[in-house]
Amino acid sequence: MLDLRVLRDAPDTVRHSQAARGEDASLVDVVIAADEARRAAISAYEALRAEQKALGKQVASAQGDEKQALLARTKDLSNQVKQAEGSAREAEEALTVVQLQLSNVVEPGAPVGAEEDFAVLEHIGTPRDFAAEGFEPRDHVDLGKLLGAIDVERGAKVSGARFFYLTGPGALLELALINVAVQQAVAAGFTPMVTPVLVKPPAMEGTGFLGQAAENVFHLEQDDFYLVGTSEVSLAAYHSDEILDVADLPLRYAGISTCFRREAGTYGKDTRGIIRVHQFDKIEMFSFCHPDDAVAEHQRLLAWEKQFLDQLELPYRVIDVATGDLGSSAARKYDIEAWIPTQGKYREVTSASNCTDFQARRLGVRMRDGDRTTPVATLNGTLVAIPRIIVAILENHQQADGSVRVPAPLQATLGTDVITPR
RNA sequence: GGAGGCGUCGCCUAGUCCGGUCGAUGGCGCCCGCCUGCUAAGCGGGUUGGGGUUUUAUAGCCCCUCGAGGGUUCAAAUCCCUCCGCCUCCGCCA
């Protein structure tokens, strides 16, 4: 949700942002008009209400005929107040409806354009040349089967398409990755958090997932719960309707949770393997920080993501996501894409977003800074999303005989430096 | 699932039976000032959050806010209804 003052004072900024996203710029004027209507309605209501209260005070002390006369007036006034109150509320709700449709203002510097117009910021590591090594790389599905690490057939049998079992070394791989990720996060000062995965509507709404992303959210009709697609939701809502002490910022949390995604509209996309699944585990970094510190914090999150990937010895690139491909909440987003040998391309494994004060305003997360309270900034970044990292590890570290080399930090939990075919 | 209790502006708390002077009490904490070799104590003042409006600004005025939402009434912290959360006991289950 955007600050109405920004809309009033600098509507062009918002119009340009909407245009850069490929969204409706004229919505700005709709919101401004709704805001004016709301303010007018509130003023009208408040004037009547003030009069009613003044008269009510006289009623309390009046006697006899005088009291009867006053009662006649206040009775009439009471109806007017009720009407005006209703109008004010309708105007307020009408404003909220349109206000929620506006996306966050994009950060200057973000590449303008559609999904494919991203900017590559850097390449780290070099993809292996399997032809030179003299063998054809297996994809992660074949490797997973060979190693007894991934079972997609039974995942489909039990739960349907886009479900899987991690078995044996696969399960250990997940535990190892979670251990290393959480330890890194704790060392960096994050508070590890195991979060709810079922949340009530305000949490989902507040984080911006019920807008254009709504079709990808699982909803439990009977109980009106949503299944989170990321612990970002539970973490962002953690401090909702709270006022934080500015001296305590930044507050950094590492969310440990399962994530659920409907993947609507992706039929035929990534149908093989575990690149795109309905349920997976993820460690997510989340920061509540001072808005002035948000851009720097964004860089820190990205640096922590790179630190994690570096120790897994995976080749990857960092991209600056184009304005047309940002979610509604993000002002800027950096994705890290790991090299997937059998696809011959880089695929997203982490994503770091600066949501500025957009989520915080919706969720009522504020900070007390001197004598004022203002929304904080929220940022989130993936530390590790299990399935895609496992895909990257298996495919990049495979050897000619189908075994897979285990990166050093994971060896302790795996109990070996190489996973061999069963 | 059953029975009961509770929810007041940071924390604790008065007020709710019997609606109007509650436009919310007091304490603690915190902030400012006075006093004071220093600190403490003492004294005085301030201290919920949101919104509207006027103004260059400071500041002021107004409305809302007693878990949330409805209702009754000229008028609701107070009466009625629904919901949410917490606590105690019982039952069932991991």
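Thresholds applied
Residues numbered from 1 in each chain as written. Chains lettered and ligands numbered in written order. Predicted model: local features only at pLDDT ≥ 70, side-chain atom pairs only at ≥ 80, totals over all residues. Heavy atoms only, no water. Polar contact = N/O pair within 3.5 Å; in protein donor to acceptor, adjacent residues only side chain to side chain. Helix = DSSP H or I, 4+ residues; strand = E, 2+ residues; numbered from the N terminus. Near = heavy atom within 4 Å. Nonpolar A, V, L, I, M, F, W, Y, C, P; charged D, E, K, R; others polar. Contact = heavy atoms within 4.5 Å. Pairing = 2+ DSSP bridges. Axes fitted to C-alpha atoms, helices over the stretch in contact; angles between N-to-C directions.

Draft legend 1. Helix α7 (residues 152-159), seen in detail. Among the residues of α7, the N-terminal cap falls to D151, whose side-chain oxygen and the backbone nitrogen of E153 are separated by 3.3 Å. After α7 finishes, the residue G160 shows a positive phi value of roughly 105°.

Draft legend 2. Looking closely at the protein's contact with RNA strand B. With respect to spatial proximity, 24 residues lie near RNA strand B, and among them R49, K53, R89, R368 and T373 are the closest. When atoms of RNA strand B within 4 Å of the protein are split into backbone and base, the sugar-phosphate part holds 73%. Here a sugar or linking oxygen of RNA strand B and a side-chain polar atom of R38 are 2.8 Å apart. Within the residue set of the surface near RNA strand B, elements represented by two or more residues are α3 (27-61), α4 (64-99) and β14 (365-369). Per element, the largest residue contribution to the surface near RNA strand B is 14 residues, and it comes from α3. Classifying every residue of the surface near RNA strand B by side-chain character gives seven nonpolar, six polar and eleven charged.

Draft legend 3. Quick look at the side chain of Q359. Take Q359: it is sitting in helix α12 (residues 358-363). At a separation of 3.2 Å, a polar atom in the side chain of Q359 contacts the main-chain carbonyl oxygen of T207. Setting aside chain neighbours within four positions, we find Q359 in contact with G206, T207, E232, A236, F286, S329 and T378.

Draft legend 4. Structural context of the sheet that holds strand β5 (residues 198-199). Pairing within the open sheet is antiparallel, and its three strands lie in the order β5-β7-β6. The sheet is open, and its two borders are formed by β5 and β6 (218-220), each paired with just one other strand. Sheet topology note: the β6/strand β7 (residues 225-227) ladder contains three bridges and is antiparallel. Among the inter-strand pairings, L220 is bridged to a residue of β7, identified as F225.

Draft legend 5. Region of the structure containing the sheet that holds strand β10 (residues 279-289). One open sheet accounts for eight strands, arranged β1-β11-β12-β13-β16-β10-β9-β4; its pairing is mixed. Only two strands of the sheet have a single partner each, and these edge strands are β1 (119-124) and β4 (191-194). Here the average twist between neighbouring strands, direction ignored, is 25°. On top of the sheet, helix α8 (residues 169-187) reaches β4, β9 (251-260), β10 and β16 (377-385); it is set at about 145° to β16, its chief contact. Docked against the sheet, helix α10 (residues 231-238) engages β4, β9, β10 and β16, running at close to 30° with respect to β10.

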